[in-house]
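Here is what each chain is made of, one letter per residue.
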Amino acid sequence: MADFDLFSRRDFMKGAGAFSAVVLAMWTGGCEACLKQIQDRPMRKNIANLSASDPIVQTYKAAVAAMKGLSSNDPRNWHNQANIHFNNCTHGNWFFLPWHRGYLLYFERICRQLTGDSKFALPYWNWTAHPAVPDVFWDTSSPLYDPNRGVTQTTQADPSWVGAPVIQNILSQTNFELFASGPPIGGQLHFATNTGMLEGNPHNNIHGWIDSSDMGSFMSPLDPVFWTHHNMLDCLWVDWNINLGNSNTNDPSWVNQQFHDFFDENGNAASITVIDTVLYPIFLYQFEPCAPNEIQSKKTKAQLQQFLKQGAPSKWQVSKHFELAQSVRAEVGKTATGSIKIEPNAFSGALESSGKTAVVLTLSEVEIPEKRDFFVRVFLGKRDVSAQTPIEDPHYAGSFAFFSDEAAMKKHQAADAAAGRPKAGFIVNITPTLRKLSQAGSLSGKALDVTLVPVPYEHRNAVGQQVILGKLDLKLASF
Ligand SMILES: [Cu+2]
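Here the structure is a predicted model, which is why all the values come from computation and not from measurement.

As a further point, take the pairing of strand β13 (residues 466-469). Side chains Val-467 and Leu-469 of β13 all project onto a buried face; the interleaved residues Gln-466 and Ile-468 project onto a face where none is buried. Relative to β13, strand β6 (residues 328-331) runs antiparallel, the two sharing 4 bridges. Across the sheet, residue Ala-330 finds its bridge partner in β13, namely Val-467.

The next point concerns the packing of helix α10 (residues 197-210) against helix α11 (residues 225-243). Viewed as axis vectors pointing N to C, α10 and α11 meet at an angle of 165 degrees, and their least axial separation amounts to 11 Å. With respect to each other, α10 and α11 are oriented roughly antiparallel. As α10 packs across α11, the resulting crossing turns out to be right-handed. Along the contact surface, α10 presents Leu-198, His-203, Ile-206 and Ile-210, while α11 presents Val-225, His-229, Leu-233 and Leu-236.

With that settled, the discussion passes to the packing of helix α4 (residues 55-69) against helix α6 (residues 96-115). Between two packed helices, the angle of one axis relative to the other and the distance separating the axes together describe the packing. At a minimum axis separation of 9 Å, α4 and α6 run at an interaxial angle of 90 degrees. Taken as axis vectors, α4 and α6 run roughly perpendicular relative to one another. Contacts between α4 and α6 pair Thr-59, Tyr-60, Ala-62, Ala-63, Ala-66 and Met-67 from the former with Ile-110, Cys-111, Leu-114 and Thr-115 from the latter. Taken together, the residues of the contact of α4 with α6 sort by class into 8 nonpolar, 2 polar and no charged.

Here the protein chain is described as being made up of domain 1 (6-172 + 193-310) and domain 2 (317-478). Here the C-alpha centre of domain 2 lies 29 Å away from the C-alpha centre of domain 1. In this complex, domain 1 contributes 25 residues to the contact, which on the side of domain 2 involves 24 residues. For the side of domain 1 that touches domain 2, the secondary-structure elements that each account for two or more residues are α7 (159-162) and α10. Per element, the largest residue contribution to the side of domain 1 that touches domain 2 is 9 residues, and it comes from α10. The class makeup of the residues in the side of domain 1 that touches domain 2 is 5 nonpolar, 20 polar and no charged.

The next thing to look at is the pairing of strand β11 (residues 423-429). Burial analysis of β11 places 7 of its 7 residues in the buried class, which makes it a mostly covered element. Here β11 shows two buried faces, one formed by Lys-423, Gly-425, Ile-427 and Asn-429 and the other by Ala-424, Phe-426 and Val-428. In this sheet, β11 lies alongside strand β8 (residues 357-367) in antiparallel orientation, the contact comprising 6 bridges. Opposite Leu-363, over in β11, you have Phe-426 as the bridge partner.

Moving on to the environment of Pro-369. With respect to the helices and strands, Pro-369 occurs in the loop between β8 and β9 (374-380). Once the C-alpha coordinates of Pro-369 and Cys-31 are considered, the two residues, 338 residues apart in sequence, prove to be 54 Å apart. Beyond its immediate chain neighbours, meaning those up to four positions away, Pro-369 contacts Phe-402, Gln-465, Gln-466 and Val-467.

To continue, consider the sheet that holds strand β12 (residues 447-456). Across the sheet, 4 strands lie side by side as β7-β12-β9-β10; this open sheet has antiparallel pairing. Of all the strands in the sheet, the pair left with one neighbour each is β7 (336-341) and β10 (396-400). With strand direction ignored, the average angle separating the axes of adjacent strands in the sheet is 20 degrees. The sheet contact formed by β7 and β12 spans 6 bridges and is antiparallel. By the bridge assignment for β12, Ala-336 is matched with Leu-452. Across the face of the sheet, α10 comes into contact with β9 and β10 while running at roughly 45 degrees to β10.

With that settled, consider the environment of Leu-189. Position of Leu-189 relative to the elements: it lies in the loop between α9 (176-180) and α10. Measuring from C-alpha to C-alpha, the distance between Leu-189 and Lys-471 comes to 21 Å, with 282 residues separating the pair along the chain. Those residues within four positions of Leu-189 in sequence are excluded, and the remaining contacts are Thr-90, Asn-93, Phe-95 and Pro-184.

All right, on to the environment of Thr-195 then. With respect to the helices, strands and loops of the structure, Thr-195 is situated in the loop between α9 and α10. Using a count of 29 C-beta atoms within 10 Å as the deciding quantity, one classes Thr-195 as buried. In this structure the C-alpha to C-alpha distance between Thr-195 and Asp-261, which are 66 residues apart in sequence, comes to 22 Å. Contact partners of Thr-195, with chain neighbours within four places excluded, come to Gly-92, Ser-181, Gly-200, Ala-424, Gly-425, Phe-426 and Ile-427.

Criteria and thresholds
- Residues numbered from 1 in each chain as written.
- Predicted model: local features only at pLDDT ≥ 70, side-chain atom pairs only at ≥ 80, totals over all residues.
- Buried ≥ 20, exposed ≤ 12 C-beta atoms within 10 Å, placed from the backbone.
- Helix = DSSP H or I, 4+ residues; strand = E, 2+ residues; numbered from the N terminus.
- Pairing = 2+ DSSP bridges.
- Axes fitted to C-alpha atoms, helices over the stretch in contact; angles between N-to-C directions.
- Parallel < 35°, antiparallel > 145°, perpendicular 65-115°, else oblique.
- Left-handed = near helix turned anticlockwise from the far one by under 90°.
- Contact = placed C-beta atoms within 7 Å.
- Nonpolar A, V, L, I, M, F, W, Y, C, P; charged D, E, K, R; others polar.
- Domains from an automatic or database assignment.

This is how it looks when you write it as structure tokens:
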């Protein structure tokens, strides 16, 4: 049987859910060869553990070289692959994870086709275990090298983005929207409007920190690191969803969304339906463990398949809501505080129980800065903080960064005169921080100070760069 022909068979079928139908037929039909094929599906491994001579690295290099050598009218050409991202990528909303999962899957298939390595599995870069860009990307004679990086081989990603406690906290979010970003606001799929914790922090920071050109832009797939970075995010989604058993949203607008942006290994147009992407990791590929303290799901394949297709509601019930509709502007070197008036003990219920209720902070109407050589740390209940305040400070609540593209924003403005410069929004679960402050008796009853601290990336000139937001919201949410 041809290697992984699920998708080529699917290509002959029309309509949503065709992938699921094919997989289900294979699964229940008792096809022994199919079962074996699924069991032995390719293993995506951590590239930081692979030597330059490892066959996976060799295939990746050969595939990138081959794509760079394809003619510019071949959609599999390296630049054309990056253009798919530039024109269609979804960010800051709940299509972020499934869109990039489909993008990676077709890229992996192109790599196989162009190298003849039919078992090739795209490696990932585990930045939690190896916070520097892995060695295989630094050989200047290799197709995996990108001269536009702003980091060096030894620069380390900041623990406030990728450290094990931060990743564990993100994986402990039981709500899909907090973990994986929320529904797009104003129908905007391209520019971040409702960014969750995985995307806003490790995802955006790794992009912005590596450089302000390739990786820091919507042409980021030009840097071969991009594919391994997104593969790590895919692995963490697998961990959250499959190993930890958290549900994706069952909102029909998510489940039924289709994307027609991709090209298969033969250069033919290919589409995905979001609900199908949730099944890819149990049928098409698997990951070496990537999460701190990873555990394996005890569900059978059939149970898993049902669980994944079912999903669960992700919308929060909001029982209390306080907001500050006033702009807050913080500049690199100068922090700024927004003070949200609250009722005394407004959140005590959420601080005592755990899991089903949370206090969620939304930072919205954020002007996406033109220059993004910095990220933002958020502290609660303390104004006197700086870029030097450690993240172990009990007032520290989280970090976020911007991932955007000036050229794409200009195009967006040109296409829609009313659109203006797009604005961004970020959601952060601040329950653990409030709990610490409340236990220490340092939560004043009448207001909550939210202090923004812009922190420049190492070796970058971020003088004068700033973050301006229009609105802060605090919600007592139950899931
Ligand atoms: Cu990305």
